[in-house]
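Spelled out, the chains give:
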Amino acid sequence: MGFFSKLKEGLTKTSQNFVEKIETLVTGRKHIDEELYEELEEILIQADVGVNTSMELVEAVRKKVRERKVEDPAELKDILQEEISAILDEGKSPLNLIEGLTVIVVVGVNGVGKTTTIGKLANWLKEEGRKVLLAAGDTFRAAAIDQLEIWSNRAGVEVIKHNEGADPAAVAYDAVQAAKARKVDCLIVDTAGRLHTKTNLMEELKKVKRVIERELPGAPHEVLLVLDATTGQNAVSQAKLFGEAAGVTGIALTKLDGTAKGGVVISIKRELNVPVKFIGVGEGMDDLREFDSRDFAQALFG
Amino acid sequence: MALFEGLADRLQNAFKKLKGKGKLDESDVSEAMREVRMALLEADVNFKVVKDFVNKVKEKSIGKEVLESLTPGQQVIKIVNDELTELMGGAQAKINLAPKPPTVVMLVGLQGAGKTTTVGKLANLLRKQGRRPLLVAGDIYRPAAIKQLEVLGRQLDIPVFAMGDKQSPVDIAKGALESAQSKGLDLVIIDTAGRLHINEELMDELKNIKAAVNPHEILLVVDAMTGQDAVTVADSFNKELEIDGVILTKLDGDTRGGAALSVKAVTGKPIKFAGMGEKLDALEPFHPDRMASRILGMGDVLSLIEKAQANIDQEQAEKLQKKLRTADFNLEDFLDQMQQMKKLGPLEQILGMIPGLGGKKLKELKDQIDEKEMAHIEAIIKSMTTEERRNPEIIKGSRRKRIAQGSGTKVQDVNKLLKQFEQTREMFKQFAGMEKKMKKGGGLKLPFFK
């Protein structure tokens, strides 16, 4: 088992905080050299940024260093953060809340935290003074409806629900009608977690969206893909396929309170131009924040 | 970079360069190793694991016997394959059963990994092996987690032990053990609250449960889509709780599953089961060798055969086999087989198990066959006369029109079906050829060797 023990040792070293790492990386040196760039790339890869994006980011830093004739290694960090921020902020837009009824559909694979995110989002919108209604569109997973109801009670908003196993499109239909009748400002539609590769389930999602569109022209105004920050490169595939099926307009990045950095959202923004709109940083009701690319880039690099 | 280019494709590309060469030198090997590194990193294998893996393969590859061999490319591929298999773990590991029942199994893991669902699936699987399970609702924090487990228990007709969300999980676990003993149940599966491993409070709770009930198996549930962080997660759970094994969930997606490699490498603990779908019977024993060959694009014939055995009755299976071998079958058999295939599970999963159908080819086939279309196909075939089903060649213009009307579809759909039928016939021919090869050569060839 020499291989494993050696590996373990190596891993313990790398599990050190990014902050420390980047600091030692840039302060412990006098010159910017090839090795430094390589280490920078490694740090990005380990934050799930992805090989190609990491290489391109480092390439961009290299270019800037040449252009600006930078000589101090400590400046690399700032340049890199700048680059990341620039990618993430390009064409940035806040949550699309319209006059009258705004419909937000929340989608994602299993276990990313959709229902929890909806609870937090409902709370956030309510505190902004809006009347919120939830639709319990996850009719598949056992007790998903109950889970949403518990969150709705916490946030003090109402829920439209059917029985488990009901057609989610029918739930969406009823919810839109109810939202109109009750003069609601925001309707948030929950959907069952589904792997993006399941054709039949993605068809189901398309149907939910079609029904909403038909009942309220222009809706849904936002389709949020909830993404678990611990997810690796598969997140790009998730964003692509959910985008094709449901027209994803933004990402809610959850579970950022762990050790994962969620670096894959940089690749998603770059390749698919889907921006991050919210981040989830804890289990409490208030632990949903609007995404700030500067903070995000800083969290990656201290 | 194509998004869905799998590890197998990448490795195949990497080795295309080596394949034609008579003799390799060190720089050739380095070039291929760079591709291997990229492929593994894109598959989410942890950075450190990749580094060590590549170094090891490289070391072996630049040895004399490889460089001077007549087929150096094949040698390198073999080394990659062997090392990958080794890294995935040896033979398949089983659950530790207690000498004196009940056996206590505890599932732990991060939020959203799929613990609660897996508790249900695992109970279902082990019940099939003769165990009498009790499910324990130990997640008192997540809203409706207890309810979720109770619903699962009802669906499976397996008893659930719950004490609400006011008792401590330690007391719940203890109570469950007593309950199992008094009811003569021999397997206790404890669901626990999901956590972020940095959360000490909850980690302490797990340690307390462990100390109180002394589980025979602590299984870490890991999402197969996890990225670089998989090693941190696995390492910290293993350090705190000393896990006995891993259950990998959501492997039925298109993730390249690098987390499997990472987790095994960092903990040294075997992956025992894999979650392969939404349904409650979609938990399968994990086969490291099969997984490795699947990652390498070599298909997974063994799983396919096992699935077929479990779902198709013997007589029909023999009939099917005969048809497959001769590739002589008509639309009536096609309908028959479609219904059999349905029993095997989602089509894409089955297709993924067929050797030589990795990557692009698989994607093409998947695009052509849509699960929902099956219903249409059935309607179309049922609108044909017996003669037409037996001799699809006679279905020309006017017959096509009639069939389309009869089945409520369009002529294009009928055309498409007839074309698909031809393709399927081709696919089965491939099956038949494969079978012969297996008999002759004893084992499958690596796809790169073609």
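The sections below set out a description of the structure shown in this document. (Residues numbered from 1 in each chain as written. Chains lettered and ligands numbered in written order. Predicted model: local features only at pLDDT ≥ 70, side-chain atom pairs only at ≥ 80, totals over all residues. Heavy atoms only, no water.)

## Quick look at the sheet that holds strand S8 (residues 288–290) of chain A
Residue and element names in this part refer to chain A.
- Pairing in this open sheet of eight strands is mixed, and the strands run S3-S2-S4-S1-S5-S6-S7-S8 from one edge to the other. Edge positions in the sheet fall to strand S3 (158–160) and S8, since each of these pairs with one other strand and no more. On average, each strand axis in the sheet is tilted by 25 degrees relative to the strand beside it, whichever way the strands run.
- Inspection of the sheet shows strand S2 (residues 132–135) paired to S3 by three bridges, in the parallel sense. Bridge pairing in S3 places Leu 134 opposite Val 159.
- Sheet contacts for helix H6 (residues 114–127): strand S1 (102–107), S2, strand S4 (186–190), strand S5 (222–228), strand S6 (250–254), strand S7 (276–280) and S8; angle to S4, the most-contacted strand, approximately 175 degrees. (Pairing = 2+ DSSP bridges. Helix = DSSP H or I, 4+ residues; strand = E, 2+ residues; numbered from the N terminus. Axes fitted to C-alpha atoms, helices over the stretch in contact; angles between N-to-C directions. Contact = heavy atoms within 4.5 Å.)

## Overview of the nonpolar core
- Of all hydrophobic cores here, the largest spans 98 residues; its most connected members are A:Ile84, A:Leu187 and A:Leu253.
- Sort the elements by how many residues they give to this core and helix H8 (residues 168–181) of chain A lands first, with seven residues.
- Setting aside anything within four residues of it in sequence, one finds A:Ile84 in contact with A:Leu44, A:Leu57, A:Ile266, A:Ala297, A:Leu300 and A:Phe301.
- Grouped together as the second largest cluster of nonpolar side chains are 67 residues, B:Val54, B:Ala173, B:Val246 and B:Ala265 included. (Core = buried A, V, L, I, M, F, W, Y, C linked by side-chain atoms within 4.5 Å. Buried < 20%, exposed > 50% of the residue type's maximum accessible area, 1.4 Å probe, protein only.)

## Considerations on the pairing of strand S2 (residues 133–138) of chain B
Residue and element names in this part refer to chain B.
- Judged by how many residues are buried, S2 sits mostly within the fold: six of six residues are covered.
- Here S2 shows a buried face lined by Pro 133, Leu 135 and Ala 137 and a second buried face lined by Leu 134, Val 136 and Gly 138.
- As paired elements, S2 and strand S4 (residues 187–192) share six bridges and run parallel to each other. What sits directly across from Pro 133, in S4, is Leu 187.
- The sheet contact formed by S2 and strand S3 (residues 160–161) spans two bridges and is parallel. In the strand pairing of S3, Leu 135 is matched with Val 160.

## Considerations on the interface of chain A and chain B
- If you look at the interface, chain A gives 57 residues, while chain B gives 53 residues.
- Taken together, the two surfaces of chain A and chain B that pack against each other cover about 4,800 Å², and 61% of this comes from carbon and sulfur.
- There are three salt bridges connecting chain A and chain B.
- In this structure, the salt-bridge partner of B:Lys147 is A:Asp146, at a minimum N-O distance of 2.9 Å.
- Our count for the contact surface shared by chain A and chain B stands at 15 residue pairs in polar contact (both at pLDDT 80 or more).
- Of all the secondary-structure elements, those providing two or more residues to the side of chain A that touches chain B are helix H1 (2–14), helix H3 (34–46), helix H4 (51–68), helix H7 (144–155), helix H9 (199–215) and helix H10 (234–246) of chain A.
- Per-element tally for the side of chain A that touches chain B: the top contributor is H1(A), with nine residues.
- Within the side of chain A that touches chain B, the residues separate by chemical class into 18 nonpolar, 21 polar and 18 charged. (Buried area = accessible area lost by both parts, 1.4 Å probe. Salt bridge = Lys/Arg side-chain N within 4 Å of Asp/Glu carboxyl O. Polar contact = N/O pair within 3.5 Å; in protein donor to acceptor, adjacent residues only side chain to side chain. Nonpolar A, V, L, I, M, F, W, Y, C, P; charged D, E, K, R; others polar.)

## Structural notes on a negative patch on the surface
- A contiguous patch of negative charge on the surface is contributed by A:Glu127, A:Glu128, A:Asp286 and A:Glu290.
- With respect to the helices, strands and loops of the structure, A:Glu128 is situated in the loop between H6 and S2. (Patch = residues over 30% accessible without salt bridge, like charges linked within 9 Å, V, L, I, M, F, W, Y side chains within 5 Å. Areas by Shrake-Rupley, 256 points an atom, 1.4 Å probe, with all protein chains shown as cover. Lys, Arg positive; Asp, Glu negative; His and termini not counted. Charge placed at Lys NZ, Arg CZ, Asp CG, Glu CD.)

## Things to note about the packing of H8(A) against H9(A)
Residue and element names in this part refer to chain A.
- Remark: H8 packs on H9, axes separated minimally by 8 Å, with the N-to-C direction vectors making an angle of 25 degrees. One finds that H8 runs roughly parallel with respect to H9. H9 is crossed by H8, and the crossing has right-handed handedness. Of the residues in H9, those touching H8 at Pro 168, Ala 169, Ala 172, Tyr 173, Val 176, Gln 177 and Lys 180 are Glu 204, Lys 207, Val 208, Val 211, Ile 212, Arg 214 and Glu 215.
- Residue composition of the contact of H8 with H9, grouped by class: eight nonpolar, one polar and five charged. (Parallel < 35°, antiparallel > 145°, perpendicular 65-115°, else oblique. Left-handed = near helix turned anticlockwise from the far one by under 90°.)

## Let's talk about the environment of B:Lys207
Residues and elements named next belong to chain B.
- Looking at the secondary structure, you find Lys 207 in helix H9 (residues 200–213).
- What Lys 207 contacts, discounting residues up to four positions off in sequence, is Glu 240 and Leu 241.
- A distance of 2.7 Å separates the side chain of Lys 207 from the side chain of Glu 240, its partner in a polar contact.

## Considering the sheet that holds S3(B)
Residues and elements named next belong to chain B.
- Pairing in this open sheet of eight strands is mixed, and the strands run S3-S2-S4-S1-S5-S6-S7-S8 from one edge to the other. Unpaired on one side and paired on the other, S3 and strand S8 (283–285) mark the two borders of the sheet.
- Of the strand pairs in this sheet, strand S6 (residues 245–249) and strand S7 (residues 271–275) are connected by three bridges, and their pairing is parallel. The residue bridging Val 246 from the neighbouring strand is Ile 271, located in S7.
- Along the sheet, helix H7 (residues 145–156) contacts S2, S3 and S4; its crossing angle with S2, the most-contacted strand, is approximately 165 degrees.

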